[in-house]
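Here's the letter readout for the chains.
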There are 2 protein chains.
Amino acid sequence: MAVGTELLLGQIVDTNSVWLGEQLASAGVDSHFHQAVGDNHRRIVLALRTALARGDGVIACGGLGPTHDDITREAIAEVMNVPLERDPVIVARIAELFSSRGRAMPASNERQADVPRGATPMPQELGTAPGLLCPVGNKVVYALPGVPYEMQEMFNRAVLPDLRRRLGESGATGIIASRVVKTWGMSESGLGELLAPRIEALDSGGGNPTIALLASGIEGIKIRITAKAADSRAAGALLASEEAQVRALVGEAVFGADDETMESTLAALLMARSWSLAVAESVTGGLVAARLVNVPGASNWFKGAVVAYDSTVKFSLLQVPEGPVVTDKAARAMAEGVRRLVGADVGLAMTGVAGPEPQEGHPPGTVFVGLAIGESEPEALEVHLPGDRERVRQYAAISALDLLRRRLTRAGVVPA
Amino acid sequence: MAVGTELLLGQIVDTNSVWLGEQLASAGVDSHFHQAVGDNHRRIVLALRTALARGDGVIACGGLGPTHDDITREAIAEVMNVPLERDPVIVARIAELFSSRGRAMPASNERQADVPRGATPMPQELGTAPGLLCPVGNKVVYALPGVPYEMQEMFNRAVLPDLRRRLGESGATGIIASRVVKTWGMSESGLGELLAPRIEALDSGGGNPTIALLASGIEGIKIRITAKAADSRAAGALLASEEAQVRALVGEAVFGADDETMESTLAALLMARSWSLAVAESVTGGLVAARLVNVPGASNWFKGAVVAYDSTVKFSLLQVPEGPVVTDKAARAMAEGVRRLVGADVGLAMTGVAGPEPQEGHPPGTVFVGLAIGESEPEALEVHLPGDRERVRQYAAISALDLLRRRLTRAGVVPA
């Protein structure tokens, strides 16, 4: 549960819930609902009661500061049906923190020492607001600061051990781990049909691990495998075995897993051959180069790029024959031109129409990808991409990288 | 309400709720709670019922896809207590979408045509899943796709007009409007000190409009002005008058407002002079070019770029004198070299160290920006940027664009 009106107004992204979701999953705690609520006493109380009704424990982040709109303490006291009591030890600690910075404690900070009767303060190590561990019947509310690094430190130090103890007492054991297999070039429903028999087999076999598809726009479609197991070694074994099955079913469309990206995969393929790459971009305007240099060590295989946005630059610098530039011929010439200009083993080029207007009679989304490998005859591929200007560019960039990936993955690539 | 187990597991950030929160605030709709829930029928039903009990309307994003874990339709039908009915018109539309891409519709996509009896489908313009407008008593559930750009398009086209109509009927008045003034080159505390007297004056004068600072990383620091008023004209007047005061206090660091970007401001400055631009990138690796081509009509003033990632490309293609390349001299030579190579009025160049390792004795974050305008002597600026590899690159890109912006904004720029 995240507390703060700025979250509801869209002025700030709730990264705390994302981080906590990940930590809870790793710890084997099922996370069923997230909520965000504004700085309003009645609604924080309502949200706390809703959360307690839905689960065994609630983590509430934010609203522990010193200002008048920090009211999480008061709301929790109402839910616990107890008074707030000011803790003189905490007051002294906060005052000391201020004086160590050569400042006097503003009176408003004393409120941060208020503790609902029966709750246990969790000391702060990084800021002023202590957290609160609040028993409510046999359930629990953990109140944490909203500042992400304060929240994270306190969660790891004080909340997680308490959660583990409760999990142990409840007899629950084990962790949840997941792996993401990344694909490009197939539709969500197409992947769904390939995987359907496997998903059904898993479901009827107890549902562990599980497989889910995640359409991720310009990053392609991800296949998430989630496993529950007694420990991380057992979970890792389940994930590895399931990943192998998924890769076998999906085949060439898989370009990586977890932290791997299209460009890191490509980097590995190029380095395995000691090949260097040059890029000529028109429709993508530098996006492909920007992705490639993000791979650590890119200077080992990436020579450079020419963004030939103006047609005259294509003709003069890349030796593209004058004439239409949204053609397979121009894409091949750009790939070969940049390969020679920059002195690389492989040249990759994109030319096309980002929109919103058609160009040379082609509708927006028409993109030609050119590829020149060594002295072989350059080749080209025509693709049709959906979306607005920005998405056509992003899709064109990953489509071009994927074309090269598939070309390098297949047997029989002519050496330079 | 966001639907998807990946949200609870922390595998994806819920940007939809942030975006919707902002839109609802602008439209004068109070947004009291956000929820996220996993792909679980019982819990989606529970979350929908909770949301309907708490408010007059619910926007539910996600779970409208074709796969077996897309079950928002079923959950809404249960909450409405009606059956799902397959709409043949929607089936035909989805089938047509597939055939226009030369593919057959997988059978699983037919599920996307299921409509709870009494609900109205909201047609899709960008993807396959239609949205659903679902009356529940005198309240309403809007079911939207989870893919952000599909969701945003459908919200603007179909949800917002319906919300406005309901607001009008309910007799609610008044709106909240905001404007964002964007700055680059000053610290948050520096801006805070400049604006403090104005913020205090507003606070003591009733707090309308309000001013807040929003550190936005690679986009600089934003100053958000928020006004409440009876209608959008009155709110607009408040915002315009406050924006003028803020601009006067902050000065040259302001590069735009609302939808304006550093590159759109730069485009206007270049077009006012009928000047064209060429870019030479090393440390930024194509990021600057990619930002520039995102400005509609970029072909009117952007000629192209050379990404000289390998030093030999700097020497051979850009005529940079052989020797160290992380220097002001190399930055000037790159700017002048690309200006001549591409045939532009202005050349802009960046060379530097993204990290993590130092280079040529310079620590990561050291960046030289070169600028060549016409036949004038090229100039260079040294900047020191914080952060990891990716952030240094992004900061370097906006810093370079900002240097050119300030140069073109000042009087006395030598004409080409």
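Model, not experiment: these values are computed from the prediction.

A. Molecular detail of the domain arrangement of chain A. Along its sequence, chain A is carved into domain 1 (2-169), domain 2 (175-257) and domain 3 (262-409). Each of domain 1 of chain A and domain 2 of chain A has a C-alpha centre, and these two points are 36 Å apart.

B. Structural context of the pairing of strand 13 (residues 277-281) of chain A. All names here are of chain A. Taking burial as the measure, the five residues of strand 13 include five buried ones, the bulk of the element. Residues Leu277, Val279 and Glu281 point to one face of strand 13 and Ala278 and Ala280 to the other, with burial holding for every one of them. Here five bridges tie strand 13 to strand 14 (residues 302-307), and the two strands are oriented parallel to one another. Looking at strand 14, one finds that Ala278 is bridged to Gly304. What joins strand 13 to strand 14 is helix 10 (residues 287-293), and the crossover it makes is right-handed.

C. Looking closely at the sheet that holds strand 15 (residues 346-352) of chain A. Ordered in space as 17(A)-16(A)-15(A)-13(A)-14(A)-14(B)-13(B)-15(B)-16(B)-17(B), the ten strands form an open sheet in which the pairing is mixed. The sheet is open, and its two edges are formed by strand 17 (379-384) of chain A together with strand 17 (379-384) of chain B, each paired on a single side. Geometrically, the sheet is characterised by an average inter-axis angle of 15° between neighbouring strands, direction not taken into account. Pairing between strand 15 of chain A and strand 16 (residues 366-373) of chain A: seven bridges, direction antiparallel. Each bridged residue has a counterpart across the sheet, and for Met350 of chain A the counterpart in strand 16 of chain A is Val369 of chain A.

D. Highlighting the environment of Ala372 of chain A. Residue and element names in this part refer to chain A. Locating Ala372 in the fold gives a position in strand 16. Its 28 C-beta neighbours within 10 Å are what place Ala372 among the buried residues. For Ala372 and Ala95, which are 277 residues apart along the polypeptide, the C-alpha to C-alpha distance reads 69 Å.

E. Examining the interface of chain B and chain A more closely. The interface is formed by 63 residues belonging to chain B together with 63 residues belonging to chain A. Among the secondary structure elements, those contributing two or more residues to the side of chain B that touches chain A are helix 1 (5-8), helix 2 (15-26), strand 2 (33-37), helix 3 (41-54), helix 10 (287-293), strand 14 (302-307), helix 11 (311-318) and helix 12 (328-342) of chain B. The residue inventory of the side of chain B that touches chain A, partitioned by class, reads 32 nonpolar, 21 polar and ten charged. In the sheet, strand 14 of chain A pairs with strand 14 of chain B via three bridges, with the strands oriented antiparallel. Within the sheet, the bridge partner assigned to Val306 of chain A lies in strand 14 of chain B and is Val306 of chain B.

F. How the structure looks around the confidence of the model for chain A. This prediction gives chain A a mean pLDDT of 91; 98% of its residues lie at or above 70. Across chain A, the element-wise mean pLDDT spans from 84 in strand 10 (residues 210-215) of chain A up to 98 in strand 13 of chain A.

G. Expanded view of helix 11 (residues 311-318) of chain A. Among the residues of helix 11 of chain A, Val313, Lys314, Leu317 and Leu318 of chain A are the ones counted as buried. Taken end-on, helix 11 of chain A shows its buried residues confined to a sector of 105°, consistent with a single buried face. Residues of helix 11 of chain A that are buried make contact with strand 13, strand 14 and helix 12 (328-342) of chain A together with strand 14 and helix 12 of chain B. Where helix 11 of chain A terminates, the next one or two residues include Gln319 of chain A, which has phi positive at roughly 60°.

H. Layout of the packing of helix 3 (residues 41-54) of chain A against helix 4 (residues 72-80) of chain A. All names here are of chain A. Contact geometry for helix 3 and helix 4: axes closest at 9 Å, N-to-C directions at 55°. When the axes of helix 3 and helix 4 are compared, the pair comes out oblique. The chirality of how helix 3 crosses helix 4 is right-handed. Contacts from His41, Ile44, Val45, Leu48 and Arg49 of helix 3 reach helix 4 at Thr72, Glu74, Ala75, Ile76, Glu78 and Val79. Of the residues assigned to the contact of helix 3 with helix 4, the class counts are six nonpolar, two polar and three charged.

I. The arrangement of the pairing of strand 9 (residues 175-183) of chain B in detail. Residues and elements named next belong to chain B. Taken together, the nine bridges between strand 9 and strand 11 (residues 221-229) define a ladder with antiparallel strand orientation. Of the residues in strand 11, the one forming a bridge with Ser178 is Thr226. Direction of pairing for strand 9 relative to strand 12 (residues 254-257): antiparallel, over a ladder of three bridges. Bridge pairing in strand 12 links Lys182 to Gly256.

J. How the structure looks around the environment of Pro356 of chain B. Residues and elements named next belong to chain B. Here Pro356 lies in the loop between strand 15 (346-352) and strand 16 (366-373). Accessibility expressed as a C-beta count within 10 Å gives 10 for Pro356, which makes it exposed. Taking the C-alpha atoms as reference, Pro356 lies 39 Å from Cys61; in sequence the two are 295 residues apart.

Parameters and conventions
Numbers given for residues are sequential positions, taken from 1 along each chain in its written order. All chains are assigned letters beginning with A, and all ligands numbers beginning with 1, in the order in which they are written. Local features in a predicted model are, by the rule used here, given only for residues with pLDDT of at least 70; side-chain atom pairs are given and counted only at 80 or more, and totals for whole chains, interfaces and linings are based on all residues. Segmentation into domains, and thus their bounds, comes from an automatic or database assignment. With C-beta atoms placed from the backbone, a residue counts as buried when 20 or more other C-beta atoms lie within 10 Å of its own, as exposed when 12 or fewer do, and as partly exposed for counts between those limits. Helix numbering and strand numbering both begin at the N terminus, where a helix is a DSSP run of H or I of at least 4 residues and a strand a DSSP run of E of at least 2. Strands are treated as partners if at least two bridges between them are detected by DSSP. We call a crossover right-handed when, viewed with both strands directed away from the observer, the connection leading from the first strand over the helix to the second proceeds clockwise. Note on definitions: angles span 0 to 180 degrees between N-to-C directions of axes, and those axes are lines fitted to C-alpha atoms, for helices only across the stretch in contact. For every residue pair, C-beta atoms are placed from the backbone, and the pair is scored as a contact if these atoms sit within 7 Å. For this scheme, ten residues count as nonpolar: Ala, Val, Leu, Ile, Met, Phe, Trp, Tyr, Cys and Pro. Four count as charged, namely Asp, Glu, Lys and Arg, and the remainder, Gly too, count as polar. Here pLDDT means the predictor's own confidence in every residue, given as a number from 0 to 100. The directions considered for the arc are those from the helix axis to the C-beta atoms. What sets the label is the angle itself: under 35 degrees gives roughly parallel, over 145 gives roughly antiparallel, 65 to 115 gives roughly perpendicular, and the rest give oblique. Should the near helix be turned anticlockwise from the far one by less than a right angle, the crossing is left-handed, and should it be turned clockwise, the crossing is right-handed.

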